[in-house]
Amino acid sequence: MAVELKVPPLGESITEAVVGKWNKKKGESVSADEPLVVLETDKVTIDVPAPAAGAIATIAFKEGDKVRVGDVLGTIEAGGGASASAPAPQQAAAPAPAAAPAPAADTRITPTARKIVEENNLDVAQLKGSGTGGRIMKEDALGQLSRPAPEATAPARAPAPAAPSGPRPRADREERVKMTPLRRRVAERLLQAQSNAAILTTFNEVDMGEVMDLRKQYNEKFQAKHGVKLGFMSFFVRAAIEALKTFPQVNAEIDGEDVVFKRYYDIGVAVSGSRGLVVPVLRDADTLSLADMEKKIGDFGVRAKNDKLTLNDLQGGTFTISNGGTFGSMLSTPILNPPQTGILGMHNIVERPVARNGQVVIRPIMYLALSYDHRLIDGREAVQFLVRIKDCIEDPTRLLLEI
């Protein structure tokens, strides 16, 4: 008996994905719930498990093909052996004309597009499919419904494929690969942030000596009690929350002509995944201890590298912290994560000569950067926000006393 392997629901507002990788080839045996194919969306990577044990009978989409929720990725011959030969004579004896058109229709036009065509009496012959192998997608049917609108938007969409304008002189020494959905989404959001917000960045420096001494003194006991190392990120999350409480507009967003002030603190922490930078969110971070933060951040890092983060892990967030210092960055201007109005950039710690009480001393210094939306946050508030974080890090007892 053939069992269909379908594209599962991908999450809120996500309707399509790209086939990233098949873990098995046609004819290979599989066990129930074994991850068979990796689907990449613009937000997360999803493993599609085998619905039953058996052998892969067909593979309908190859790696790189676009698929939509409900599409049949392939079929599994459950159990294999005798059951594989039984259906063949029945299919031959059954009315072939009735069975044959259905697969042909399914591969030429998606179910959603067919529904639009039937409801609006459209001529399928007039539709030009934009899917793999000329497959007619939902967008193709909708475009036929409102012919003038697509012509208005076509010039804007035309440059998207970024096709070469002419012969490339050294094409024999170049390689061209398609961007992954996640990378495309990152690119879109970065452009969106720069186009829709008035981004400005302010800088400051922070002496990390007190925090480093605190970690050195208590890290061994902290790790013995909580089973996790005491890192820098939890201190900055706690300091950012104290600053957000003082300057709530940095924890807000612009919604049309309204400003939405958020009385909760969901802090996004940028981590490096296998397919690019992702920003999982610490929910209600103001209620978490330093140990809870370190455990969650460590878990985010492991799951990001193994493509195990879920859509819920990445959604929302009221403020973001990015740590380019882990890669050696000295200074940067982070870009906002829409619709947030602020993002804090941490950098590497370098011993620098600084003046202290009339003396030149060597101190571990980190440069901090706060990018903010100038439409909502004035320069004075932005500078004071960053100074508040600096004060909390340079005197960690402030975090305990909340002063």
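Refer to the structure above for everything that follows.
(A) Representation of the side chain of aspartate 266 within the structure. The topology assignment puts aspartate 266 in the loop between strand E11 (258-261) and strand E12 (267-269). Exposure remark for aspartate 266: the relative accessible area of 9% places this residue in the buried category. From its side chain, aspartate 266 meets the backbone nitrogen of aspartate 284 in a polar contact 2.7 Å long. Apart from the residues within four sequence positions on either side, aspartate 266 is in contact with Val281, Leu282, Arg283, Asp284, Gly317, Thr318 and Phe319.

(B) Main features of the pattern of salt bridges. One pass over the full model with this rule turns up 15 salt bridges. Here arginine 363 makes a salt bridge to aspartate 207, at a shortest N to O gap of 2.8 Å. Placement of arginine 363 in strand E19 (residues 359-373) and of aspartate 207 in strand E9 (residues 199-207) is noted, with a sequence separation of 156 residues between them. Taking relative accessible area as the criterion, arginine 363 reaches 26% and is therefore assigned partly exposed. On the accessibility criterion, aspartate 207 (7% relative accessible area) is buried. Glutamate 381 is the salt-bridge partner of arginine 380, the closest N and O atoms lying 2.9 Å from each other. Looking at arginine 380, the relative accessible area reads 59%, which means it is exposed. With relative accessibility at 11%, the residue glutamate 381 sits in the buried group.

(C) Structural detail: unusual backbone geometry. With an omega dihedral of 0 degrees, the bond running from proline 338 to proline 339 counts as a cis peptide bond. Within the secondary structure layout, proline 339 lies in the loop between strand E16 (319-323) and strand E17 (342-346). The phi angle at aspartate 307 is positive, at roughly 55 degrees, despite the residue not being glycine. Locating aspartate 307 in the fold gives a position in the loop between helix H11 (290-305) and helix H12 (311-314). Owing to a relative accessible area of 23%, aspartate 307 belongs among the partly exposed residues under this scheme.

(D) Highlighting the environment of lysine 178. Considering the arrangement of structural elements, one finds lysine 178 in the loop between helix H7 (148-157) and helix H8 (181-196). A residue is classified by how much of its surface remains accessible, and lysine 178, at 78% relative accessible area, is exposed. When the C-alpha positions of lysine 178 and glycine 64 are compared, they lie 8.4 Å apart, and in sequence the two are 114 residues distant.

(E) Quick look at the nonpolar core. If you look at the biggest cluster of nonpolar residues, it comprises 71 residues, and the most contacted ones within it are Leu39, Leu73, Phe319 and Ile389. With nine residues, the single largest contributor to this core is helix H10 (residues 233-246). Each residue touching isoleucine 389, except ones within four places of it in the same chain, is listed here: Phe236, Ala239, Ala240, Ala243, Leu344 and Leu368. Of all hydrophobic cores here, the second largest spans nine residues; its members include Ile109, Leu122, Val124 and Leu127.

Quick notes on the rules
Residue numbering note: each chain is counted from 1, following its sequence as written. Where local features are concerned, this predicted model is filtered to residues with pLDDT of at least 70; where side-chain atom pairs are given and counted, the filter is 80 or more; whole-chain, interface and lining totals use all residues. Calculated side-chain values reflect all of the structure's heavy atoms, with hydrogen atoms and water omitted. A helix here means a DSSP run of H or I that spans at least four residues, while a strand means a run of E at least two residues long, and both kinds are numbered starting from the N terminus. Each residue gets one of three labels from its accessible area relative to the maximum for its type: buried under 20%, exposed over 50%, partly exposed in between, using a 1.4 Å probe on protein chains only. Side-chain atoms alone can form a polar contact between residues adjacent in sequence; in general such a contact is a pair of N or O atoms within 3.5 Å, and within protein one must be able to donate a hydrogen while the other accepts it. Working rule for contacts: check all heavy atoms of both residues, and any pair within 4.5 Å makes them a contact. Salt bridges are defined as contacts in which a side-chain nitrogen from Lys or Arg sits within 4 Å of a carboxyl oxygen from Asp or Glu. Residues enter a nonpolar core if they are buried and are Ala, Val, Leu, Ile, Met, Phe, Trp, Tyr or Cys, with the set joined through side-chain atoms within 4.5 Å.

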